Amino acid sequence: MRYYISDCHFWHEKLLSQMDHRPFESVEAMNDFMIEQWNKRVRKNDDVVILGDFSWGNGIQTNEILEMLNGKKYLIVGNHDLYLKDKNFDPSYFVWIREYAELRDNRRKVCLSHYPMPCYNGQYRKDEDGNPKSYMLYGHVHDTRDQKFLEMYGNFIRSQTHRSIGDGSSQPIPFNMINCFCMYSNYIPLTLDEWIENDKLRREKMSVSENPLIN
């Protein structure tokens, strides 16, 4: 099984009081909870793709966290993964470390970047049943106003049409970007299908809460 998650920020104490306002008494309590949530889902031979900003700790602290986490781990580098430059960090904890990657997941292309890329490879491609053949998974923006701007942009793009290359018919423009922010999944790594459902439900909930005519 392959899972995805982003912006865990192990050892990042400021996220308890700033930006995320994570509900933990200490960074150690946050670390323990995230490890527990991870290991509830991930088994030894599972794959976990981390979409950046895994740890704010130094090399040794980050080694210790990785040692406690189940699964084979893959890293898309984020701007806060500074431990990578620490001589005490052991990169062998990751199967690979990349700035960007494209993988196959159940016959679908998955574009992986720490930073959101609104125009991603394969965006317009669909299978014979009209389902998306490409998704863009990202992190970096947490649940900030930048994420809200991306959601507004996504809603606008989905409302536009283009002429299909196949039969020339007018089709809605696909927009399948998903923020794999760890707090959106209660710090649990999710499969692609689970992230698709998570994103759908979260956007539906937001749409209802923002519409004053819906009780």
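Everything here concerns the structure above.
Residues numbered from 1 in each chain as written. Predicted model: local features only at pLDDT ≥ 70, side-chain atom pairs only at ≥ 80, totals over all residues. Heavy atoms only, no water.

Colleague: I would appreciate a short explanation of the environment of Glu36 in the present structure.
Modeller: Among the structural elements, Glu36 can be located in helix α1 (residues 27-41). For the pair Glu36 and Asp146, spaced 110 residues apart in sequence, the C-alpha separation works out to 29 Å. (Helix = DSSP H or I, 4+ residues; strand = E, 2+ residues; numbered from the N terminus.)

Colleague: Can you help me understand the state of the cysteines in this one?
Modeller: Covalently bonding the sulfur atom of one cysteine to the sulfur atom of another cysteine gives a disulfide. Per the counting criterion, the structure on display carries zero disulfides. Of the cysteine sulfurs around Cys119, a residue in no disulfide, the closest is that of Cys111, at 12 Å. With no disulfide of its own, Cys180 has Cys182 as its nearest cysteine by sulfur position, at a separation of 11 Å. The exposure class of Cys180 is buried, given its relative accessible area of 0%. (Disulfide = S-S within 2.5 Å. Buried < 20%, exposed > 50% of the residue type's maximum accessible area, 1.4 Å probe, protein only.)

Colleague: I'm lost on unusual backbone geometry in this one. Help?
Modeller: For residues besides glycine, phi is generally negative; the peptide bonds are generally trans as well. At Met19, a position not held by glycine, the phi torsion is positive, near 55 degrees. Structurally, the position occupied by Met19 is in the loop between β1 (2-5) and α1. By relative accessible area, Met19 is classed as partly exposed at 49%. Despite not being glycine, Tyr187 has its phi angle at roughly 70 degrees, a positive value. Take Tyr187: it is sitting in the loop between β10 (177-179) and α4 (192-209). Taking relative accessible area as the criterion, Tyr187 reaches 4% and is therefore assigned buried.

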